[in-house]
Amino acid sequence: MTGPAVLAAPTVPRDAGPDERAARYGEVRAAIASLLDDEDDWVAAMASVVCELHHAFAYFDWTGFYRAVEPEVLIVGPYQGGHGCLRIPFGRGVCGAAAHTRETQVVPDVEAFSGHIACSSTTRSEIVVPVVTEGGALLAVLDIDSNDPSAFLEVDRQHLEAIAQDLGRRFPHLQS
Ligand code: SME
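A brief report on the enclosed structure follows.

Rules used in this analysis
Residues numbered from 1 in each chain as written. Predicted model: local features only at pLDDT ≥ 70, side-chain atom pairs only at ≥ 80, totals over all residues. Helix = DSSP H or I, 4+ residues; strand = E, 2+ residues; numbered from the N terminus. Buried ≥ 20, exposed ≤ 12 C-beta atoms within 10 Å, placed from the backbone. Expected span 1.5 Å × (residues − 1). Arc of directions from axis to C-beta. Pairing = 2+ DSSP bridges. Core = buried A, V, L, I, M, F, W, Y, C linked by C-beta atoms within 7 Å. Contact = placed C-beta atoms within 7 Å. Axes fitted to C-alpha atoms, helices over the stretch in contact; angles between N-to-C directions. Parallel < 35°, antiparallel > 145°, perpendicular 65-115°, else oblique. Left-handed = near helix turned anticlockwise from the far one by under 90°. Nonpolar A, V, L, I, M, F, W, Y, C, P; charged D, E, K, R; others polar. Near = placed C-beta within 6 Å.

Despite not being glycine, D38 shows a phi value in the positive range, around 65°. Positionally, D38 belongs in the loop between α1 (18-36) and α2 (42-54). Residue D38 is classed as exposed on the basis of its 6 C-beta neighbours within 10 Å. Positive phi outside glycine occurs at S150, with the angle close to 50°. Exposure remark for S150: the 12 C-beta atoms within 10 Å place this residue in the exposed category.

Spelled out as structure tokens, the structure:
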């Protein structure tokens, strides 16, 4: 679609519990589904997902994609927040670990994660979710950094994985 689908809803506060988060994820996922209806442009999709997520949760201080466009290297894609690192090799940092293992990485304390890439000195915790097609191709990773320690709960993982899975289904052939 061409215009905004949903009016802005209140931002979920940093100390919100699972129920409040889950309710907002429901709205965000509905907004994303509406925005991406009939949209086949991968960059437009990533940008829209980032925008919806970043403005919905106060504890999302950096929200963006790293794209798997070159062998063994991630390159930054659409994001919101301060500037991000441009390229991350597979296997380096939290994003690289997610790309390498194709499994979600939840890091409650980035200082305890060996090899964490500090793009921002304020980041305390992060979650990185791989975006994989049904055919098994890695398209990107969705990286969310928080200035709060242990910001991400199981409810965040569940909904962010569902969003990533939906993207992988919608863009089965893209590698950029
Ligand atoms: N912290 C990430 C790098 C990306 S930026 O923080 C935006 C990592 O270690 O993978």
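The end-to-end C-alpha distance of helix α4 (residues 154-170), which contains 17 residues, comes to 24 Å, matching closely the 24 Å that a straight helix rising 1.5 Å per residue would cover. Within the span of α4, buried status applies to D156, L160, I163, A164, L167 and G168. For α4, the arc enclosing every buried residue in end-on projection is 140°, short of the 170-degree limit, so these residues lie on one face. Exposed residues pointing more than 90 degrees away from the buried face of α4 are listed as E154 and R169.

Among the nine residues that make up strand β6 (residues 138-146), eight are buried, leaving the element largely enclosed by the rest of the structure. Strand direction decides the pairing type here: strand β1 (residues 62-70) and β6, joined by six bridges, are antiparallel. What sits directly across from R67, in β6, is A140. Bridge count between strand β5 (residues 125-132) and β6: eight bridges; the pairing is antiparallel.

In this section: the nonpolar core. Among the nonpolar cores identified, the biggest contains 46 residues, and C95, V141 and L142 are the most heavily contacted of them. For this core, the secondary-structure elements that each account for two or more residues are α1, α2, β1, β2 (73-80), α3 (93-101), β5, β6 and α4. Look past the residues within four positions of V141 in its chain and what remains in contact with it is F65, Y66, L74, C95, A98, A99, V128, V129, P130 and V131.

With that settled, the discussion passes to the packing of α1 against α2. Each pair of packed helices can be summarised by the angle the axes make with each other and by the distance between the axes. In contact at an axis separation of 10 Å, α1 and α2 are set at 155° when each is read in the N-to-C sense. Compared by their axis directions, α1 and α2 come out roughly antiparallel. In terms of crossing hand, the pair formed by α1 and α2 is right-handed. Contact residues: α1 offers V28, A31, I32, L35 and L36, while α2 offers A45, S48, V49, E52 and L53. Here the contact of α1 with α2 is built from residues that sort into eight nonpolar, one polar and one charged.

One can describe the packing of α1 onto α4 by two numbers: an axis separation of 9 Å at closest approach and a directional angle of 10°. With respect to α4, the axis of α1 lies roughly parallel. Crossing angle aside, the handedness with which α1 passes α4 is right-handed. Seen from α1, the contacting residues are P18, R21, A22, Y25, R29, I32 and L36; seen from α4, they are V155, D156, H159, A162, I163 and R170. Of the residues assigned to the contact of α1 with α4, the class counts are eight nonpolar, one polar and four charged.

In the region of the ligand, 14 residues are neighbours, and G84, G93, C95, I117 and C119 sit closest. Taken together, the elements giving at least two residues each to the shell around the ligand come down to α3 and β6. The leading source of residues in the shell around the ligand is α3, at three residues. Of the residues that constitute the shell around the ligand, the class distribution is seven nonpolar, four polar and three charged.

By themselves, these figures tell us nothing about what the structure is for.
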